[in-house]
Amino acid sequence: MVKQINEVMPHIAFGGDYNPEQWNEQVWIEDAKLMQEAGVNLVSVAIFSWSVLELEEGKFDFNWLDKVLDILHSHGIGVALATATASPPAWLSKRYPEVLAVKENGVPYQVGSRQHYSPNSKRYRYAVKQLVKEMASRYQDHPALKMWHINNEYGCHLAECYSSESLEAFREWLKQRYATVDNLNDKWGGTNFWSQRYNDWDEIQFPANLPTFYNPSQKLDYKRFMNNSIFELYKIEKEILREVTPDVPVFTNFMYEFKPLNYFEWAKDMDLVTWDSYPDPREDKPFRHAMHHDLMRSLKNGQPFYLMEQVTSHVNWRDINLTKKPGEMRLWSYSTVARGGDGVMYFQWRQGRAGAEKFHGAMVPHSSNTNNRTYQEVKQLGNELKQLDGVVGSSSKAKVAIVFDWENWWAVELEGKPHNKLSYLDQVYKYYQVFYEKNIAVDFVEPTGDLSNYQLVVAPMLYMIKNGQEKYLEDFAKQGGTLVVSFFSGISDEQDHIHLGGYPAPLRSLLGLTVEEFAPMADEEKNTIVANGEKYQVDTWADIIKLEGAKAIATYKENWYENSPAVTIHRYGKGSTIYIGTNPSNDYLDQLFNGILQQVEIESPLKAPKNVEIVERIKEDKTYVFILNHNNDPVIIDLKEGITYQDCLNNRQMTEQITVKNTDVAILAYEN
Amino acid sequence: MVKQINEVMPHIAFGGDYNPEQWNEQVWIEDAKLMQEAGVNLVSVAIFSWSVLELEEGKFDFNWLDKVLDILHSHGIGVALATATASPPAWLSKRYPEVLAVKENGVPYQVGSRQHYSPNSKRYRYAVKQLVKEMASRYQDHPALKMWHINNEYGCHLAECYSSESLEAFREWLKQRYATVDNLNDKWGGTNFWSQRYNDWDEIQFPANLPTFYNPSQKLDYKRFMNNSIFELYKIEKEILREVTPDVPVFTNFMYEFKPLNYFEWAKDMDLVTWDSYPDPREDKPFRHAMHHDLMRSLKNGQPFYLMEQVTSHVNWRDINLTKKPGEMRLWSYSTVARGGDGVMYFQWRQGRAGAEKFHGAMVPHSSNTNNRTYQEVKQLGNELKQLDGVVGSSSKAKVAIVFDWENWWAVELEGKPHNKLSYLDQVYKYYQVFYEKNIAVDFVEPTGDLSNYQLVVAPMLYMIKNGQEKYLEDFAKQGGTLVVSFFSGISDEQDHIHLGGYPAPLRSLLGLTVEEFAPMADEEKNTIVANGEKYQVDTWADIIKLEGAKAIATYKENWYENSPAVTIHRYGKGSTIYIGTNPSNDYLDQLFNGILQQVEIESPLKAPKNVEIVERIKEDKTYVFILNHNNDPVIIDLKEGITYQDCLNNRQMTEQITVKNTDVAILAYEN
Amino acid sequence: MVKQINEVMPHIAFGGDYNPEQWNEQVWIEDAKLMQEAGVNLVSVAIFSWSVLELEEGKFDFNWLDKVLDILHSHGIGVALATATASPPAWLSKRYPEVLAVKENGVPYQVGSRQHYSPNSKRYRYAVKQLVKEMASRYQDHPALKMWHINNEYGCHLAECYSSESLEAFREWLKQRYATVDNLNDKWGGTNFWSQRYNDWDEIQFPANLPTFYNPSQKLDYKRFMNNSIFELYKIEKEILREVTPDVPVFTNFMYEFKPLNYFEWAKDMDLVTWDSYPDPREDKPFRHAMHHDLMRSLKNGQPFYLMEQVTSHVNWRDINLTKKPGEMRLWSYSTVARGGDGVMYFQWRQGRAGAEKFHGAMVPHSSNTNNRTYQEVKQLGNELKQLDGVVGSSSKAKVAIVFDWENWWAVELEGKPHNKLSYLDQVYKYYQVFYEKNIAVDFVEPTGDLSNYQLVVAPMLYMIKNGQEKYLEDFAKQGGTLVVSFFSGISDEQDHIHLGGYPAPLRSLLGLTVEEFAPMADEEKNTIVANGEKYQVDTWADIIKLEGAKAIATYKENWYENSPAVTIHRYGKGSTIYIGTNPSNDYLDQLFNGILQQVEIESPLKAPKNVEIVERIKEDKTYVFILNHNNDPVIIDLKEGITYQDCLNNRQMTEQITVKNTDVAILAYEN
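Residues numbered from 1 in each chain as written. Chains lettered and ligands numbered in written order. Predicted model: local features only at pLDDT ≥ 70, side-chain atom pairs only at ≥ 80, totals over all residues. Heavy atoms only, no water.

Caption draft 1: A look at the overall build of chain A. Within chain A, the secondary structure is distributed over 18 helices and 29 strands. Compactness check: chain A gives a C-alpha radius of gyration of 26 Å against a globular reference of 26 Å for 672 residues, within 12% of the reference. Structurally, chain A occupies a C-alpha span of about 75 × 75 × 45 Å along its principal axes. Across chain A, the fraction of contacts at a sequence separation of at least 24, relative to all contacts at a separation of at least 6, is 73%. Roughly 22600 Å² of accessible area belongs to chain A as shown, and the carbon and sulfur atoms make up 43% of that amount. Counting 69 positive and 91 negative side-chain charges, chain A places the centres of these two groups 1 Å from one another. (Helix = DSSP H or I, 4+ residues; strand = E, 2+ residues; numbered from the N terminus. Rg over C-alpha atoms; globule rule 2.2 N^0.38 Å. Contact = heavy atoms within 4.5 Å. Areas by Shrake-Rupley, 256 points an atom, 1.4 Å probe, with all protein chains shown as cover. Lys, Arg positive; Asp, Glu negative; His and termini not counted. Charge placed at Lys NZ, Arg CZ, Asp CG, Glu CD.)

Written as structure tokens, this is what we have:
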């Protein structure tokens, strides 16, 4: 039986990727001492070590890694041991060129960078199994082993492959899904659009190298297929590891805003959600960063996650790589913990001397000098976090949920839409930001997720509603919930076929309306809506709405659809539904949700000025309030009357008020 | 003997593409009834039906199509029957991969979209012949068959192919054109530029995958070759159809602004010019739309054309697809009729449920509800048009012609010019717009066209003048015509070789000048010209002109060529020639042509305020005046004194004045 | 023993590329006469003549070329005879497809343009040898032969090849460089970054078609390899020519700002540096043009160079090709001579009638009329230059040097840097411009060049300092020199591995500081520095500097590093070093270098207003002062007291003052 993470690691995990194969043994010992000093308790080892672990096919050398793990263990540092499969060695693709992934134009990727393998290569899968078995049996009993880190950032750089082996696999996957070619013809668009009927599985090609628009059903299935192929890779490794080490937790590290992989699906097979976060300091609002944390926490129903990679100073893969200002790395790390992170890790421990990532920041920079800002900030944070053992395992209790669906993301951004510059993520950000700025906790849920714990659910641009999925939303409203749906929702089914009978057919009775026409707006075009006598700007899109029970709460002011409804409300069961048929300015959403939140009686844990994040983590008996001041000036926060708070980082009691310095954090605990 | 179109269809044709293979039989019957209601009298059927007509090689199934045609006929709806060759079925390229067109990088296009065939594939041509023969013999006597719709939008998406079969065909075409390699060497650039001499036909490659600039003569020939290859496809089908059904008119549908195909050449082999028009509602001036109509009407010397496709609401293939406002679709449809259209058709009848075009507007939208703006506007128009039988077959009588030449378009936009951002079409638009805004009818003519009916001929940027072609312009001027030529004309011959001896050598005596130098201007650069004491802005280009008989009527005001001639006039025979050696602002052209038009006594049929189109169609005994109000307010138009007009759409008599509402049209007829 | 250039050509060379194969014999005779009239004394012949010299493999025809050379010689015109290898004939790649270079995507380049050969093709090299041997033996004794013009603009269009033969050659080159695979592993990045260890040479691929970032050491070596492959081509030809005609100088023509070829390395094997210059008239400041001249002169330690190609009017390969104004071509030609040019040549003599370059300006334009501005300006210049025989062979005596290094250029612009929009050339331009505007002569030197003649050396962004190279800079400062180094210098070694131990490790003691952090700035971000109480704007980059002996002479005013040093000065030996840790505005550099120049007592030859270039060329006994007025108004220049100048172009004596008209030049000589 696999152990709980907080059993394995009862502290906030702190550390980073460690690539000892780039250094000699003397450095390893120095590293271990420095790690101790910096409060490191966990490092990820061997992520890119395949070529030095399996020197030739079947010829393994684990001596160096044995030594590294021994040294780490003797200094009290645990290891998230990687399976080393992320970057195959040159000898593999030399001997078996079929392991190479292939571009859309038929050109194979080459060795010389990383992750050049085809997810559908049987030979790659075979080689992975051999390596993982060796790793697992070698280190199953090593005391440093805390958890398994499978592969690395699956799909990064390369989430599509057009090799002949991938084509065979695609056809096989379709055969499993559709059973007969006739069924596939039907599911790929009625039967006969543009003469695309197939007689045989062998006639099916990739949705690639086409003279013009692809078949959207086919493209969507290709995305599903590639997600599945990569997921299979993960499961192959997991199965071996589980068999050899049934009690050791396993995971792979996710990425933020990563469209190709359906992380809700993946998370079900992970013992711990971990992810890599690289917000760009050029975006000064940290709300995207916060949203990613909330999404990651939501993938496993609120179970704490690890931030597996972040950078101390600056990355090197953007065009211009700004460095974090003093205190910023620490503050953002506490935002991670506040939103459910039980691990704060970096890429990487020691900055590389050579290679593509040598200018990527690290915990120990090129100078090797520890008397520098970067290392000092790391050391301060590592030692501070030791005071937060109590937080480990606690979670959030949001009453607001945003529906998020990877398959919808894929479908709504396929080509051939009325408006082809719509971004699903931007719509989700827009609604998330409203709650972020009000310090209202938000969870993310799948369209088929359990909504019973929420009072308010927002579904931005839920274009694809699979047959029957509307029931989840209907039940929520029936039982008294408040549901907000935004434009271009409920249009297509699982195959990206239109729900006929008037948009949005599966939601018409729930919302009490029909959308008669879509009126997209040009880039520079604007319109105005009027709500409660106030005017607000809208852009991008206007639905022409016919009310069928709903009531308009905002109407258009301009253009030929002047005075027609833009935003509507509808009583449904014990609850109500609101439909937003356009893309309103933030100030409209601000006032709209102020009203809604008042109605459903949801408010922020503490009142706070702008750019101050207030987040709670809750345990059986205790609540931890995180106050994060993103401003350049100190702020004074009123605490709740009658409560005595424990200031966790300063070991003191607080009542009434607390002053939080600029770019600083306070963590206050109180008994529930 | 092929029948006249207005014999086959004595009404304004009204209808659209109809794709019954996407629906079941019950829908077909419903469709036929709705079509009747909407005034539909013609539909195009089977455009993309190959895969459901020829299920496997040689195995045909016409039962469903028989039924569809029977149903349509029984509801009084005629059929433009497509030959179904536009999109080959998957089994064809599976069995014969050589039918696939190939990209410049050697990658074949794939099945999964449409039109992936190589125009030079012998196997594709063979398969086409089999299918067309079957179609023709099956339906030769079907009473619904009104005309044959060959293939679809030839060249759309794919007008170049780089397959080995295309290379062989290219060499063969060159052999036909040049007979000997020595002759080709000569015609491709003297002999020896950049060591490009050929010993043998087999050494010739595509003008593709080159380290730097191509040979312009070779590139131009490649464009001619591809135009010819695609034209051969059309003629193969036409020949079969003509043999089986000698009296049924045939056509294919053209596209607007389509550079790869020389439509003047094609039109000679068409019984009816038809084309597909998708103006972007983001461009508010409809003058481009009007120009396309005038060009299409001109392709067959004024014979009426059909608008074969337009959209009711919005397309789905632009980045942002704006929808037409109430009345706009109707108004633009009348502009079609006004400018020579005897058919007003749509893509498509019923909006698709799936596939790449499911968000493309249609006559019957997704809701299937007929109580919506789209269907109501269609129905109104369809029934109105029934009153215009009298218009059918009438034509325009323009006294102004603009020279338009596809080969010039190809040549002048080849790389390596003094100014490489010149657009031929933009220059033509510029001159067309002057007449459009004055409501002066314009025809388009080939450089070798008959000019005897015109008083004013404009040749914008006629860069390529083939040897001897200048005679047509000379004769026109000699006999009293007024000719206007704009900069960068008369520079190259048929092979894109320079006419030596001073620019523009073939036009020097006609224009009375030499262009000594080209002085292109940078993007942000401007100059000023002075004409009759007034100043006007010019940009893009300045010719440095030496007068040799001509007289300057405008001179430059700035830069080192200050005071040198910019625009000139020259007496030639009984006529005169005007040369515009720069790119003047519209206000200059406006006043220049005001003067010219006054001189040649050409004026608008009726005086009209801005944004009101006045267009005439003329029959033996009657003249139809179309008054189209593109404004958002009503306009009052003074009619000609002493004439009693018949208001065709309102069945009343009019004299003196007529009020036309915003976005509305009046059609007035009077006896000649 | 090879002759000196000024022995072969004791005049300023004047002429151009001559392509007689595009014309017939009658034109050749007319050309020779016109050349005489225009003062032409040298033409380059046969550059693209391979296909008409070797008609089939081994079948040569030199008759036409014999005639051309005879005609030229009989008119007193010398010939720089090309080896004709720049563009292989079609029959070569038809018979031996392996001569074709290959793109990164595996697609071979094709015949039909020029220079489509792979530099690593053995067959191309073999064919080149055959042709060059024939040429050399045919014309070794022809009296018109003055010098050999090898190939043409090596690397232009195509400086990378991905053919299988190139891959073999790359592996062979690596074997020569690194001897063992273990050594290569070490030199390519420690050993094991991203699992990139190699077991065998055969496993190595191009740094191409990778899923993400390449290995920078590998990419750098690929650049070195391609430079070397192309250099080998040159040396193959040179060796044959030297053997057959040991006294005839040889060269190839360089290009301006050409990154792929290390011209410092190449120049050592050239008897004469020649280059092709095409400044864009849209850039009105001619300082880049001047810098290219100074760089070309510096390639062979100040030995005069030839400008082998320029255009009379306008080129045709930019998007918009502005033409040179009256006088501009002449003025810029004199700038060439002023900065060390002993040859002023054009592409080309007679403007082509056909082909990709037909709109490229020439000495004789399309009209063939000599009564035009272009030819008249050519003729004036050609005859004026005859008065400058005395200048031939003279050189410059700069006291300022700028370090310039092709390998640094390659390395610093590889991806994965802290700021990935840095341009090495822009940094060099920035510092060059300071001296250009002060009319201070500048040489360029390699990092290992002899600095003993200079008082001030500037090293802009010298990112790569190979092991030990810092000694050259240290010695310079020790012996009293003033050294200026700008940000991001001294970071990496020859393999692009970091110099560990604190940036910039090899320069820390020389500069007296450590750079603790890099703080790149976003595009729109600015900062301010304060120096001597004045404020100046900086952008792009800020070093966070820790002083270790140096003194701050400017500090930052904003951001978290406020008040920390931005620019520093350090005494070192008898000299001093200045470090500029940011990208300052030009006004800061202006005042900084005013101070430095005053200190080291370097000043302009004559005082001059803005946009007037003052340049000296010096011979044993005489100094020639060139005064070039780029203004649109005349300027008056004070001459040095007590000197009587000879006005070379006007044959008069001058003292005290001289007036130089707008866009005009004065050349004044005086005894040293």
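Caption draft 2: Structural detail: the packing of aromatic side chains. Counted according to the given criterion, the structure contains 159 aromatic pairs over all chains. With a centroid separation of 6.3 Å and 50° between ring planes, the pair formed by A:F518 and B:F359 is classed as tilted. Taken together, the residues span two chains, with A:F518 in strand β16 (residues 513-520) and B:F359 in the loop between β11 (341-346) and α13 (373-385). The buried category is assigned to B:F359, whose relative accessible area is 2%. Between the aromatic rings of B:F518 and B:W541, the centroid separation amounts to 5.0 Å while the plane-to-plane angle is 50°, which identifies the pairing as tilted. Taken together, the residues span a long stretch of sequence, with B:F518 in strand β16 (residues 513-520) and B:W541 in strand β18 (residues 534-547) at a distance of 23 residues. (Phe/Tyr/Trp six-rings, centres within 6.5 Å; stacked < 30°, edge-to-face > 60°. Buried < 20%, exposed > 50% of the residue type's maximum accessible area, 1.4 Å probe, protein only.)

Caption draft 3: Looking closely at the pattern of salt bridges. Tallied over the full model, the rule gives 128 salt bridges over all chains. For A:K526, the salt bridge is made with A:D539, and the minimal N-O distance between the two is 3.6 Å. Of the two residues, A:K526 sits in strand β17 (residues 526-531) while A:D539 sits in strand β18 (residues 534-547), which places them 13 residues apart along the sequence. On the accessibility criterion, A:D539 (21% relative accessible area) is partly exposed. Of the charged contacts in the structure, one is a salt bridge between C:R617 and C:D342, with a shortest N-O distance of 2.8 Å. Taken together, the residues span a long stretch of sequence, with C:R617 in strand β23 (residues 612-618) and C:D342 in strand β11 (residues 341-346) at a distance of 275 residues. C:D342 shares its class with C:R617; the two are buried. By sharing partners, the salt bridges in this structure join A:R177, A:D221, A:R224, A:E407, A:K466 and A:E494 into a single network. (Salt bridge = Lys/Arg side-chain N within 4 Å of Asp/Glu carboxyl O.)

Caption draft 4: View of the nonpolar core. Core analysis: the largest hydrophobic core is formed by 230 residues, its most contacted members being A:V45, A:L81, A:F488 and A:F593. Among the elements that make up this core, the one with the highest residue count is helix α9 (residues 216-244) of chain A (ten residues). Mapping this core onto the domain boundaries places at least three of its residues in each of domain 1 (400-600) and domain 2 (612-671) of chain A. Once residues within four sequence positions are removed from consideration, A:F488 is found in contact with A:V412, A:K417, A:P418, A:L422, A:M461, A:L462, A:Y463, A:F518, A:W541, A:D543, A:Y579 and B:F359. (Core = buried A, V, L, I, M, F, W, Y, C linked by side-chain atoms within 4.5 Å. Domains from an automatic or database assignment.)

Caption draft 5: Broad picture of the interface of chain B and chain C. Between chain B and chain C, the residue contacts involve 52 residues of the former and 55 residues of the latter. Interface area, chain B with chain C, both sides summed: about 4700 Å², of which 57% is carbon and sulfur. Its largest share of buried area at the contact with chain C, chain B owes to B:W194, B:S195 and B:P211, together 15% of the area lost on that side. In this structure, the salt-bridge partner of B:D496 is C:K358, at a minimum N-O distance of 3.0 Å. Linking chain B with chain C are 26 residue pairs in polar contact (both at pLDDT 80 or more), by the criterion used here. Contributing elements (two or more residues each) for the side of chain B that touches chain C: α9 (216-244) and β16 of chain B. Looking at which element gives the most residues to the side of chain B that touches chain C, the answer is β16(B), with five residues. Looking at the side of chain B that touches chain C, its residues break down into 22 nonpolar, 20 polar and ten charged. (Buried area = accessible area lost by both parts, 1.4 Å probe. Polar contact = N/O pair within 3.5 Å; in protein donor to acceptor, adjacent residues only side chain to side chain. Nonpolar A, V, L, I, M, F, W, Y, C, P; charged D, E, K, R; others polar.)

Caption draft 6: Summary view of the relation of the copies chain A and chain C. Superposing chain A onto chain C requires a rotation of 120° together with a translation of 0.1 Å along the rotation axis, leaving an RMSD of 0.0 Å. Considering both components of the superposition, the chain copies are consistent with a three-fold axis. When C-alpha distances to the rotation axis are compared across chain A, the minimum falls at A:N105, with a value of 4.8 Å. Interface residue correspondence from chain A to chain C reaches only 2%, placing this contact among heterologous pairings that use different surfaces. (Least-squares fit on C-alpha atoms with pLDDT ≥ 70 in both.)

Caption draft 7: Up close: the sheet that holds strand β6 (residues 145-149) of chain A. Residue and element names in this part refer to chain A. Strand order across the open sheet formed by nine strands is β7-β6-β5-β2-β1-β11-β10-β9-β8, with parallel pairing between neighbours. Pairing within the sheet leaves two strands with one partner each, and these edge strands are β7 (250-251) and β8 (253-255). In terms of strand pairing, strand β1 (residues 13-18) meets strand β11 (residues 341-346) through four bridges, oriented parallel. Looking across to β11, one finds that G16 is bridged to Y346. Across the sheet, helix α4 (residues 63-74) is in contact with β1, β2 (42-45) and β5 (78-82); its angle to β2 comes to roughly 175°. Strands in contact with helix α12 (residues 328-338) are β10 (305-309) and β11; relative to β11, the strand with the most contacts, it is inclined by about 145°. (Pairing = 2+ DSSP bridges. Axes fitted to C-alpha atoms, helices over the stretch in contact; angles between N-to-C directions.)

Caption draft 8: Structural detail: the packing of α4(A) against helix α6 (residues 122-139) of chain A. All names here are of chain A. Running from N to C, α4 and α6 cross one another at 45°; their axes reach a closest spacing of 12 Å. One way to sum up the angle between α4 and α6 is to call them oblique. α6 is crossed by α4, and the crossing has right-handed handedness. In contact with N63, L65, D66 and L69 of α4, α6 contributes M135, R138 and Y139. Broken down by class, the residue content of the contact of α4 with α6 amounts to four nonpolar, one polar and two charged. (Parallel < 35°, antiparallel > 145°, perpendicular 65-115°, else oblique. Left-handed = near helix turned anticlockwise from the far one by under 90°.)

Caption draft 9: Region of interest: the environment of B:V665. Secondary-structure assignment places B:V665 in strand β29 (residues 665-671). A C-alpha to C-alpha distance of 8.9 Å links B:V665 and B:S335, two positions 330 residues apart in sequence.

Caption draft 10: Main features of the sheet that holds strand β9 (residues 274-276) of chain B. Residue and element names in this part refer to chain B. With parallel pairing, the nine strands of this open sheet are ordered in space as β7-β6-β5-β2-β1-β11-β10-β9-β8. Every other strand in the sheet has two partners, leaving β7 (250-251) and β8 (253-255) as the edge strands with one partner each. Where strand β10 (residues 305-309) meets β11, three bridges bridge the pair, whose relative direction is parallel. Within the sheet, the bridge partner assigned to F305 lies in β11 and is G341.

Caption draft 11: Expanded view of the interface of chain A and chain C. Taken residue by residue, the interface counts 54 residues in chain A and 52 residues in chain C. Together chain A and chain C conceal approximately 4600 Å² of surface at their shared face, both sides included; 57% is due to carbon and sulfur atoms. Taken together, the connections running from chain A to chain C amount to three salt bridges. Where chain A meets chain C, there are 26 residue pairs in polar contact (both at pLDDT 80 or more). For the side of chain A that touches chain C, the elements supplying multiple residues, two or more each, are α3 (50-53), β3 (54-56) and α5 (90-95) of chain A. When grouped by side-chain class, the residues that make up the side of chain A that touches chain C number 21 nonpolar, 20 polar and 13 charged.

Caption draft 12: Highlighting the pairing of strand β14 (residues 456-459) of chain C. All names here are of chain C. Side chains L456 and V458 of β14 all project onto a buried face; the interleaved residues V457 and A459 project onto the opposite face, where all are buried too. Here β14 pairs with strand β15 (residues 482-486) via four bridges, running parallel. Paired with A459 across the bridge in β15 is V485. For the crossover that starts at β14, traverses helix α16 (residues 470-478) and ends in the parallel β15, the hand is right-handed. (Right-handed = clockwise from strand over helix to strand, strands pointing away.)

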